[in-house]
Each structure stands twice: as C-alpha cells, then as structure tokens.
Amino acid sequence: MSKKIKYIVAVVLAAVVCVAVIFTINRKKSGINMNVGELSGNEQNYWNPDIHSISKAENGYYYLHYDGKDLLVKYFDESSKSSVPVCAKAECSHNSKTCNAWLDTDEYLSSPIYYYKNNIYVVRVEGGMAKLVSIKADGSDRKDVANLFANDRITSISMVFHNGYVYAYDHIGHIGSSESGKEIIKKINISDGNSQDIVEYEGENSAVMGARSYGDKLFYKIFQYSVNKQTLKANMNFQLYYYDYTDGENKKVSDMNICDFCVDADNGMLYYFVVGKGLYSQSLDGQNNKLIYKASENMVSAVMSYDGRYIYMSNGGMGSTTDLSKTVEREIQVVDTTGKQIDTIKLGNEIENLYFGDEKYLFGTKSDKLVYIDKSSLGNGACVWENAE
Amino acid sequence: MEEFKRVFGIKFIMVFTVTVLLNIGLFVYSSSEGKSMSDIRQETHYRQWIIGELSDMQPEEALEIADIQSDSVIKRKYDELESEEQTVYSRQLNKIKEQLEYIIKYPEDIKNIQNNADTLKSFSIFADKNSFTYNNIQKTAKDFKRVEGVQLYLTDNKAVSGFVTYYYIYYLALILNVFVLYELFGERENGMWCIVHTSKSGRAKLAFNRTMIITASAFIITGILFFTTFLTSFILYKTASINAPIQNIESFSRFSLPMSQLQYIIYDFLYSFCAVLTLTAIVWMAFVFIRHRNIAVTVIAVFMGVEMFLYQKIQPQSVYGIFKQINLIRLLKVNDIISTYANRGKGTFVVSESNIMLTVTTVLFIAACAGGILGTVYMRPEQKKSVIARIADKIWEMYQHLLSGYSITAKEFHKLLITGRGLIVIGVLAILAVYFVRYGQMTFSDGTKELDNIYITNGGKEYHYITDMVNERLNDYQCAVKDAQDCMVRYNAGEATLEEVTESSSTVSLYAVKLGRVSEFMKKQEYLQEINEKYGVDGYMISDRGYEEIFGKYSIIREAVLFLALAAAIILIVAENIVLEYRTGMNYIINASRHGRCWIQIHRALTGVMLTIILFCFIYGMDMYTMYTMYGMPYLEAPLMSLTFMEGCNPSFTIGQWIIIRLVKRFVVILQIYIATYVITNVVMVVRKEKTY
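All of these numbers come straight from a predicted model, not from anything done at the bench.

Conventions and cut-offs
Residues numbered from 1 in each chain as written. Chains lettered and ligands numbered in written order. Predicted model: local features only at pLDDT ≥ 70, side-chain atom pairs only at ≥ 80, totals over all residues. Heavy atoms only, no water. Helix = DSSP H or I, 4+ residues; strand = E, 2+ residues; numbered from the N terminus. Buried < 20%, exposed > 50% of the residue type's maximum accessible area, 1.4 Å probe, protein only. Contact = heavy atoms within 4.5 Å. Areas by Shrake-Rupley, 256 points an atom, 1.4 Å probe, with all protein chains shown as cover. Lys, Arg positive; Asp, Glu negative; His and termini not counted. Charge placed at Lys NZ, Arg CZ, Asp CG, Glu CD. 1 Å grid on protein atoms, 1.4 Å probe; cavity = no way out; pocket = protein on both sides within 12 Å on 5 of 7 lines; lining within 4 Å. Points joined across faces, edges and corners; volume = space filled by probe spheres on them. Nonpolar A, V, L, I, M, F, W, Y, C, P; charged D, E, K, R; others polar. Buried area = accessible area lost by both parts, 1.4 Å probe. Salt bridge = Lys/Arg side-chain N within 4 Å of Asp/Glu carboxyl O. Polar contact = N/O pair within 3.5 Å; in protein donor to acceptor, adjacent residues only side chain to side chain. Core = buried A, V, L, I, M, F, W, Y, C linked by side-chain atoms within 4.5 Å. Phe/Tyr/Trp six-rings, centres within 6.5 Å; stacked < 30°, edge-to-face > 60°. Lys NZ or Arg CZ within 6 Å of the ring centre and 35° of its normal. Expected span 1.5 Å × (residues − 1). Axes fitted to C-alpha atoms, helices over the stretch in contact; angles between N-to-C directions. Parallel < 35°, antiparallel > 145°, perpendicular 65-115°, else oblique. Left-handed = near helix turned anticlockwise from the far one by under 90°. Pairing = 2+ DSSP bridges.

J.: Please clarify how the overall build of chain B should be interpreted in this entry.
T.: Looking only at helices and strands, chain B has 29 helices and two strands in total. Counting only C-alpha atoms and orienting by the principal axes, one finds that chain B spans roughly 110 × 75 × 65 Å. The buried share of chain B, taken over its 693 residues, is 47%. Once local pairs closer than 6 in sequence are excluded, the contacts in chain B between residues at least 24 apart make up 76%. In the structure as shown, chain B presents an accessible area of about 35500 Å², 62% of it carried by carbon and sulfur atoms. Across chain B, 68 positive and 66 negative side-chain charges occur, with their mean positions spaced 16 Å apart.

Okay, structure coming up:
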C-alpha cells in the first residue's frame, strides 16, 4: 500500500474513532431531560402538597380552620396581618349554613383548599363521592365543579391546578390494603368537569404522593412498601416520576429512594432528598448530580419546600418516627441552594401541621390556630411563630 | 254579589269553621311540645312570677339575683316548692337568665356589627367598591344603625315568640283558598260554563268580580286564621308583651327595624296576606287555563312538589340559590323572610329580601290577575275540532266497537287506564319511581369494596377467617411495637444503627395502618358478642353498608317518595274512575245493568284491587331489583340483628323476612288507601246525587 493511501486510511480511522468517542460522550450526556420551561406563576408549588389547608391569593392567604365545632374558610390578610372568615355579612355569627364561610362538616373535608384564578376550591363528599366545589373569592356562589373519586370522608385528596385543569389523586391510595390496586392521577377540566386518567400505577400497598407542577411538567412520587413478617422489616420506597403536559408521557426520574424533591426552574435545578443519604442537587438535564446536605441523626428523611430562595427540609417524615424515645426533635433545616445552612426552626410538639409557604411567610398550626413565621427574620436564629388569628 | 253568595255559602262556612278549629288545635299542639295544659299553666305561672320580680331591676342586677344559689327572693321561692315543681321553676329561671344575658349583650352586639362592617371593608377581598359585597357591607352598617337606640327589657315574650314561628296558618289559608277556587269553577263540570260564558254584563266584569272575590277571600281567611291564632296564644300564655320591642325576642336579634311586637304582628300579617293572595291568584290563573278542575289541582300539587324538592336540595350559597330564595315553599315561611336580615343584588344594587318579596309578590299578583282575566274573557267552553281530532274520533268509534266485545273486567281496566287517563298518572308515577329508586346512590371506595368482598367471601355465620385475620394484624402490630422499642434500647446502647431504628419505626406505622383497615371487623365482632350476651342472637358477620341504603337511615327519602307517589296515583286513578261515571251520567245506565248493581260494583272493586296490586308490584319490584343490583342482598338468612342499626329488633326475624314484612306492611296500607278512596268517593258522589234531587 502506498504511503498516500496509508495516510488516508489513518485519517479516516482517526476520524471514525473521534466520531465514535464524541458519539459515546454525547450518549452518556443525554440521560433524562426534565427541562420544565417557564413557570405559569400560579403553581404555588412551595406548599406541603399533601397537607394543603392553605393557599395564596393576590393579597393574602385562604385557609380552612376547624375548631372542633365549626369549619370555616378564612382569609389571612397580608397588610393587616389578621384573619377574617370569608363572609361579608357584618351581622353574621359564622356558625350556621347561612354563613358564606361556614362549611358543613357532614359534607366538607377539612383539607384541602386551593385558590386558582379568582376562585377558592374545596372538597365535599356526597353519597361516597368526593366533589370539587368552587367558591367565589368573596365567599359567595358555591357550585360543584366535578366529581373526583370515591372517598370515605378522609382528608386524603390532593390536587394540582394547571392551565384550566385540576390534577387530583388520593395520597393514601391502597396503603394497608391486602389487594393490589390502581393508583391514578385524574385530569379534570374545570369548566366542564370532564375527566381522564393520566397516570395509572398498579401495585400492592402503593399510593401517589407529593405532586407538584413546574412549567410543562407534573412531578409526583409513587410510594410503595412491603413488610417481611419474619424480620418485621419494612421496605419503603419512593420513586420520583414526572408527567409531561405537552405530550402526555410519564417518565421515571430516578431509581433512588427519593422521599421529597423540589425544582428551581429559574436555574434549571432539581433538589431531592434520598432516605438515609441526604439532599442532592442535579441539573434538569440529568447532569452534575451531587450531595449537598448529608442526612444526619435528626434528618433521615425530609419533607421539602423551595420558595425560590431557600430550601426547607422538615424531619416531620420518617425521621420523626424516632420520637419513640423523644431523642429526635422536630425541626426544619433551612439551607441555600448550595446546601449551606441558613437557619434551624424548632417545631417542638406545639406545631401540629406544617404547611410551608411562599417567599414571605412559613405557615403551620398551633392549638388548631394558624401561625406563621416572617421569613425576613430567617438567618438570625430568632424565628418566632406569630398568631395569624 | 251572587258569585259571593255562591262560593261563601253554608258549605264554606262549615269547612272554614272546622279549619279554624283545626288550626287552633294544631297551634296548641305544636306550642305545647308534648306537655299537658296544666304543665303549660304551671310554667307560665312561674315564668311570669320570676319576670314580675326581676323586671324593675337593671338587667345586670337581675341576672345576679336570678340564681338559685344566691340569697334572694328567687331562691326563697324555689325552696318553698316541691321537688317536681322545682324542676319546672329552675327550667323557667334558666330561660330567663338566657334572656337577660341576651338583653345585656344586645347593645354591644349591634355596635359590633358596625365595627365588623368597618373591619370587613379593610380586607382586600371585600374592598372592591363596585362589588355587591362591599355595598352590602355598607347597607348592613346603615340598616343596623336604625336599631342602635332600641332599649330591650325583660318581659314575657312567649305568646308572641310562639305565634310568629307557627307556619301552618299559611298552608291552611292556601288550601282554603284553593277550596274556594274549586267551588268557583264548579261551572266547568256541571255544564254551566256555556251559560257563564255568555254572561250579560260581560266576561271582563265577571273576571274583575272574581278577582275581588279572591282578594276578599284571601284577606278574610288569612286574617281570621292569623288573628284567632294570635288570640289563642294570648289566652294560652296569659299575656303578651305587645308594646315591647320585637328585638326582645332573641330570634329577632338581627331584625333591623325598630318596631314593637304589636307593630311587627301587623307587619307580619300584611306580608302574609300578600304571600297568600299572590299564590291564590296564581292558582286562579291555573284553574282558568286548565279546563278540568281535577287536572288543575294535580298540576298545582306537582308544581308544589317540585318547589319543595328545589327548596330542600339547593344550598343557600349555591349559584342556583335564587331558586331556593324565590320559592313558593319559602314564600310561605313569611316570618323567616321578614325577620332575617339578608340582602341580594348585583354590583352596587343591593336590596333586602323582604323588599324583593314584596316586589315579586306584587308583580306576580298583577301578572296572575291579568292572565286570569284574559283567560276568562277569551277561553271558550267548547274547542273547535281539528281534522286530526275528527279522524281520532272515528278511530275511537271503531275502537269502542271492538271493546264492546270484551269482558267487563277488561272494560273496567280500560275505564281506569284510558277513559279516566290513568295511564298519564301511571306515566308520571313511573318517571318519579325511576328517578327516586336511584336517589342518594352511594359510591363506595376501593377500601370499602375490599371490606365488603371479605364479608361476602369469608363472613356470614362462621367467620373464623375474619377473626383470625384481625388477630393476626393485631399480633403483627404488637410485635412491631415491641421490636421498635427493643431497637430503640439497642440504639441508645450503641448496638443498633439509626437506619435500623427508622426501619422498625416505619414498620410500626405501616402495621398500624393495616390494623386500622380492619377496625370495622373488630367493632363488628364486639357488637356480635354483645347481642349474643344480651339477646341470645347468633349474629352473622355481614356488612351494614348495603342494607343501610336499602332499609336503613339512608332509605327514608327514597321510600317516602315512592310510597306517597304510589298512594297519590291510586287515589287519583280510583277517584277519577268513580267520578267519571257520575259526571257523564253513566251511573244510571250501569245501575240498570241486567246483572244487578252489586255485580258491577264487585267487578269495579276487584279491577281496582288488581290495578293496585299491579302498580305495587311494578314500583316495589323495580325498587328491590335496583337495590339488589346496586348493593346486593347477601346473607338474607342472617338474623336481622346482625345489622348494627337493627339492634333491639325482634330477634327471631331474618333479613329476608324483614324485607318481606316491610313490603307486606306497605301493601296492606296501600290496599287500605284504595279501599278508603273507593268508599269515600262513592259515598260523596251518592250524597251529591241525592242533593241534586
């Protein structure tokens, strides 16, 4: 073979090898692409998705308040920092069905509540069927919007609102059932009540949990457990998925045991907490996966929230099951997006429900009353729970 | 004047007198709340004695004195009484204390409404100045300013408070007015319509006279019923505080006009008169346009039924709330409308419900009168027959010829169903039945369906599987708790990892959930043991759910509607069948039958019984079949007391027997209704016929 031909062959071979290498590198790089696009602005994905008794409105927050006798829709006004039942009748005592804010506890569930496009949404149960009810922002004009699914009057319904649709699921699912069941997320058109199932998962002892909407994707977890009766060991597993609104596809994000997550759409980042391991960050295109906050004695698993500035991790999940010996205190760790600790908020035994919150306030309940922390006080170690009522 | 005499004759006076007495009886019965007259007198005596002692004091001072524990004239009176009298005395005293607390709080309450109004306007959700909400708040504050100066004081309000919450007056007044109209339209059935239609003074004048009669009738009937009831209350409770502010009565705490109780009673009467007059005018219009009186009454009854249904089903805050507010049933609850503070409107237009009622009743009255007058003037007794009607007549003639060859029983059925339009009634009954058998259908979750499956496959008389399952889960949970506790001890000693502790704790949570899922079986087991010990019943492990829908507390509305609809259908069909013969004069021909009158009567009665049986089987057959398909009927052989909501029933009944007994009871009652209708209608028609002669 002449020198010239050998040279050509070598160049071609080199080119082929380069292409192969580049191709391989690109294949490794591609992974799963979770880019969410732009947020719609009314997703309110900072709340605790499965304990959703509060929702943000234009100048305040709507919430459900049950004092053991009366269930009321109330409004916490940002400017006056006070609450009022959502009933504009000055002469009303707010304890009967003529009151606009009063919900009959024989019908209405004490959770959830949502605010979306000038309407408040709550759930009532009639004849075993849960129904989505819309109420005008001033408390007037209630009407049934759609049937959801069968419910035994348990506050197990969670919802996400997006682009004129409601995505509803039961976050208790078939946990504790001895039969295999189908876990679904239902997509319901708010204007005409028509529905279709967009997520169907079949399995034993499963449930859909923690759904949050970011841009063009609905992220959710599938919880599953099994128990070894001989060793009495439970194997509990969370798997993170997303549903793409544009093409209707469901994809698994990771095989890791992810107890909660949040997305920073502005910076294209996904933050997720792996049970027993800690908080990870990863770009939405699947790259740069790293552990930014290690799990600790106090934080084996976490329920999370992200308000656009800080990440909040509450050990009110599995970590608190160590409450058996009261050695682990309930708390929220506040970290920034690099995992650097900003503050620790003690919950103690007083804060019953933790709702999280937006960039301004963190909400919870204490002695059945709504309380909040002003987030401007974070970082000083001097966060105080104020009464909202 | 002749019209007036025709309608308000001896018959009307007798009926009216009976109604007034019935009304008084109903009022006394509803006010007494099961107590005897001597109990009421005793209560009144103690109440008025206590008020007499306390009325001259300031309310705060009176409240301190009104205590059996304090050393006061109140206590000394209490000590003088026998034990049973003491109970009555202290009950009255407690009510007076509540009244005093209300009187003390009232001025502050009214001030709070003003303050609330100011506070509400500051909230962004209520602050839109162009919204109904904002303007309603403004109006509320302004309206309650009118009663800021009202001074309440302790009086005996019982006579007035008992009277204003009594509603039967309006229903009886309406029924009497319908009776008056029914008599007024006797011309439609006795052949006089043609003569009345050619009235020499003109039909318009006749229609106008009738409007005056209706107005006078509504005024007299409502007025007499209203004021006789008030007088009864006055006599029953010995006095009435008619000069005291109406707000003295706690249920009027949100009444925003400063009025005495007497002024309120007159105000109430005027509104009641408007409501009854308007409804009477609407019924008059219905009678004018519907050619047959009985059909008019049926249409009115159906319409009232629909109004009642809408009133029950619609929530006050619903977007369809207007059908609850502007509703004939609500219109008759006059005191509810005028005593409750409520506004309606849109944008900056806000108006009170009482004003809406006045406006609506006025408009409806004018429209109904206009309709009634126009109908009286222009409707002809006879209708011109169209070509289709003439063809139908020919076909009918041929049909009648065919029918003549059939048996007497077939002819009776024909009369019931076709000549008497019984098929229309049965059609309405069928539609009601189809709707109401599925009324309140329950949807069961996967969890409850799973439990019901276990009941069916492993429940019943021998339910060891369920017992074992419950015990197993209980045992698992207890073992998990112990294991978690042991793990924690080892963790504290540094012998276990945090991960192991978390796992064991999670196992406890999960087993707790699994145990929770079978808590219903645990409760049922306890119940079965209890009935075994108490009643000696060997109950079955079965689900209550389906049977609660079939004959438990969730079945009440469905069963009531089906029963009443069937009873109404039987009454209408049977009564019309008999009246038809007399109206057409066929009774003479039938009574001249060669087989004898008894033979005809027997056939007619038996045909009626057969129709009753067929309708009963149709309605309740459909009901039972629907219940069976929706909920199943497992373990019919189980003792009835196996169902927790049937505890204390006859221990020898099974579920299947109970279902049959209930059906038999209903059948017997329906049969009795049929017999009563048949006998009463026959007697009435015979008496009428004899009067004519």
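Here the narrative resumes.
J.: Looking at this structure, I do not really get the overall build of chain A. What am I missing?
T.: From N to C terminus, chain A includes one helix and 29 strands. Per-residue burial for chain A yields a buried fraction of 56% across its 389 residues. In chain A, once contacts between residues fewer than 6 apart in sequence are set aside, the share between residues at least 24 apart is 43%. In the form shown here, chain A has an accessible surface area of approximately 16700 Å², with 48% of it arising from carbon and sulfur atoms.

J.: It is not clear to me how empty space enclosed by the protein should be interpreted in this structure. Could you clarify?
T.: Using a probe with the size of a water molecule, rolled over the atoms, empty space left in the structure can be pinpointed. Residue and element names in this part refer to chain A. Following the criterion strictly, the structure yields six cavities of 30 Å³ or more and no others. Quantified by volume, the largest cavity comes out at close to 170 Å³. Taken together, 17 residues line the largest cavity, and the ones lying closest to its centre are Glu43, Gln44, His52, Tyr114 and Met159. Secondary-structure elements contributing two or more residues to the lining of the largest cavity are β6 (114-116), β10 (157-162) and β14 (206-214). Split into classes, the residues belonging to the lining of the largest cavity amount to nine nonpolar, six polar and two charged.

J.: So what exactly am I meant to see when it comes to the interface of chain A and chain B here?
T.: A common way to express how large an interface is: the accessible area buried when the components associate. Every contact between the two is made by 60 residues of chain A and, on the other side, 53 residues of chain B. Buried area between chain A and chain B, both sides added, is near 4600 Å², and the carbon and sulfur share of it is 58%. For the pair chain A and chain B, the interface holds zero salt bridges. For the pair chain A and chain B, the interface holds ten residue pairs in polar contact (both at pLDDT 80 or more).

J.: Can you walk me through the nonpolar core in this structure?
T.: Across soluble globular proteins, nonpolar side chains show a tendency to be buried alongside one another. B:Tyr170, B:Leu181, B:Ile221, B:Leu225, B:Ile246, B:Tyr264 and B:Phe287 are the most contacted members of the largest nonpolar core, which has 66 residues in total. Put simply, the parts of the chain that give this core at least two residues each are α2 (10-32), α8 (158-164), α9 (168-184), α11 (203-236), α12 (261-289), α13 (293-313), α15 (328-331) and α16 (334-339) of chain B. Of the residues forming this core, the biggest block, 15 residues, is contributed by α12(B). Among the nonpolar cores identified, the runner-up in size contains 52 residues, and A:Ala57, A:Leu64, A:Tyr75 and B:Ala141 belong to it.

J.: What is the right way to look at the packing of aromatic side chains in this model?
T.: Given two aromatic rings, one states the distance between the centres and the angle between the planes to describe the pair. Counted according to the given criterion, the structure contains 64 aromatic pairs over all chains. Considering the side-chain rings of B:Phe219 and B:Phe273, the 5.2 Å spacing of their centres and the 90° angle between planes classify their relative orientation as edge-to-face. Linking B:Phe219 in helix α11 with B:Phe273 in helix α12, this pair joins segments that are 54 residues apart in sequence. Among the residues examined, B:Phe273 registers a relative accessible area of 14% and is labelled buried. Clustering of aromatic rings is evident, with ring pairs tying together A:Tyr46, A:Trp47, A:Tyr61, A:Phe76, A:Tyr361, A:Phe363 and A:Tyr372. Above the ring of A:Phe261, the side-chain terminus of A:Arg212 is found at 5.3 Å from the ring centroid. Positioned above the aromatic ring of B:Trp49, the side-chain terminus of B:Lys77 is 5.0 Å from the ring centre.

J.: For this particular structure, what's the right way to read α9(B)?
T.: Because the α-helix completes a turn every 3.6 residues, residues three or four places apart line up on one side. In this model α9(B) runs 24 Å from its N-terminal to its C-terminal C-alpha over 17 residues, within 8% of the 24 Å that 1.5 Å per residue would give. For α9(B), the full list of buried residues reads B:Ile169, B:Tyr170, B:Leu172, B:Ala173, B:Leu174, B:Leu176, B:Asn177, B:Val180, B:Leu181, B:Tyr182 and B:Leu184.

J.: Looking at this structure, how should I read the packing of helix α3 (residues 37-54) of chain B against helix α6 (residues 83-121) of chain B?
T.: Residue and element names in this part refer to chain B. At a minimum axis distance of 9 Å, the contact between α3 and α6 shows a crossing angle of 50°. Here α6 runs oblique to α3, going by the angle between their axes. In this structure, α3 meets α6 at a crossing whose hand is right-handed. Between α3, through Gln42, Glu43, Tyr46, Arg47, Trp49, Ile50, Ile51 and Leu54, and α6, the contact on the second element is made entirely by Glu85, Val88, Tyr89, Arg91, Gln92, Leu93, Ile96 and Leu100. Class assignment for the residues of the contact of α3 with α6 results in ten nonpolar, two polar and four charged.

J.: I keep staring at the sheet that holds strand β8 (residues 129-136) of chain A and nothing clicks. Help me out?
T.: Sheets are built from strands that pair by backbone hydrogen bonding, the pairs being arranged parallel or antiparallel. Residues and elements named next belong to chain A. Ordered in space as β6-β7-β8-β9, the four strands form an open sheet in which the pairing is antiparallel. The open sheet is flanked by β6 and β9 (142-150), the only strands paired with a single partner. When the angles between neighbouring strand axes are averaged without regard to direction, this sheet yields 35°. In the sheet, β6 pairs with strand β7 (residues 119-126) via three bridges, with the strands oriented antiparallel. By the bridge assignment for β7, Tyr116 is matched with Asn119.

J.: I'm lost on unusual backbone geometry in this one. Help?
T.: With the exception of glycine, the majority of residues adopt a negative phi angle, and the majority of peptide bonds are in the trans configuration. Residue and element names in this part refer to chain A. Cis rather than trans, the peptide bond between Ser111 and Pro112 has omega equal to 15°. Looking at where Pro112 falls in the secondary structure, it is placed in the loop between β5 (102-103) and β6. Look at Lys81: it is not a glycine, yet its phi comes out positive at around 55°. Mapped onto the secondary structure, Lys81 falls in the loop between β3 (71-77) and β4 (82-85). At Asn118, a residue that is not glycine, the phi angle is positive and equals roughly 70°. Relative to the assigned elements, Asn118 resides in the loop between β6 and β7.

J.: In this structure, what is going on with the sheet that holds β10(A)? I would like to understand it.
T.: Residues and elements named next belong to chain A. Pairing is antiparallel in the open sheet, where four strands are placed in the order β10-β11-β12-β13. The outermost strands of the open sheet, each flanked by one partner alone, are β10 and β13 (195-204). When strand polarity is set aside, the average angle formed by the axes of neighbouring strands in this sheet is 20°. Here strand β12 (residues 180-189) runs beside β13; their pairing, made up of nine bridges, is antiparallel. In the strand pairing of β13, Lys182 is matched with Glu202.

J.: I tried to follow the pattern of salt bridges on my own but got confused; where do I start?
T.: Where charged atoms from two side chains of opposite charge come close, those side chains can pair. Per the counting criterion, the structure on display carries 37 salt bridges over all chains. Here B:Arg344 makes a salt bridge to B:Glu353, at a shortest N to O gap of 3.4 Å. If you follow the salt bridges from partner to partner, you end up with A:Glu107, A:Arg124, A:Glu126, A:Lys131 and A:Asp144 in one network.

J.: Please explain the side chain of A:Asp244 as it appears in this structure.
T.: Residues and elements named next belong to chain A. You can see Asp244 is positioned in strand β16 (residues 233-244). Here Asp244 falls in the buried class, since its relative accessible area comes to 10%. In terms of polar contacts, Asp244 uses its side chain to reach the side chain of Thr246, at 2.4 Å.

J.: In this structure, what is going on with helix α20 (residues 422-436) of chain B? I would like to understand it.
T.: Counted at 1.5 Å a residue, the expected span for α20(B) with its 15 residues is 21 Å, and the 21 Å between its end C-alpha atoms agrees. For α20(B), the secondary structure elements touched by its buried residues are α13, α19 (408-419), α26 (556-584) and α28 (597-631) of chain B.

J.: Would you mind going over the environment of A:Gln239 with me for this structure?
T.: All names here are of chain A. Mapped onto the elements, Gln239 comes out in strand β16. Judged by its relative accessible area of 12%, Gln239 is buried. Not counting the four nearest positions on each side in its chain, Gln239 is found in contact with Tyr220, Lys221, Ile222, Lys252, Ser254, Asp255 and Met256. In this structure the side chain of Gln239 is engaged in a polar contact, spanning 2.7 Å, whose partner is the side chain of Lys252.

J.: Even after reading the chapter, I still don't get the packing of helix α18 (residues 387-403) of chain B against α19(B), so can you show me in this structure?
T.: Any two packed helices are characterised by the angle at which their axes cross and by the distance between the axes. All names here are of chain B. Following both chains from N to C, one finds α18 and α19 inclined at 145°, their axes separated by 11 Å at the closest point. Contact residues: α18 offers Trp396, Tyr399, Gln400 and Leu403, while α19 offers Lys411, His414 and Ile418. Tallied by class, the residues present in the contact of α18 with α19 amount to four nonpolar, two polar and one charged.

J.: What exactly am I supposed to notice about the pairing of strand β2 (residues 349-352) of chain B here?
T.: Consecutive residues of a regular strand have side chains that alternate between opposite faces of the sheet. All names here are of chain B. Where strand β1 (residues 343-346) lies against β2, four bridges are found, and the strand directions are antiparallel. Across the sheet, the residue bridging to Gly345 is Val350, located in β2. Connecting β1 to the next strand, β2, in antiparallel fashion are two residues, including Gly347 with a positive phi near 60°.

J.: Can you help me understand the side chain of B:Ser543 in this one?
T.: All names here are of chain B. Mapping Ser543 onto the fold places it in the loop between α24 (519-535) and α25 (545-551). You can call Ser543 buried: its relative accessible area is 14%. A polar side-chain atom of Ser543 sits 2.9 Å from a polar atom in the side chain of Asp452. Of note is the side chain of Ser543, whose polar atom sits 3.2 Å from the backbone nitrogen of Arg545. Those residues in contact with Ser543 that lie beyond four places of it in its chain are Asp452, Tyr455 and Leu643.

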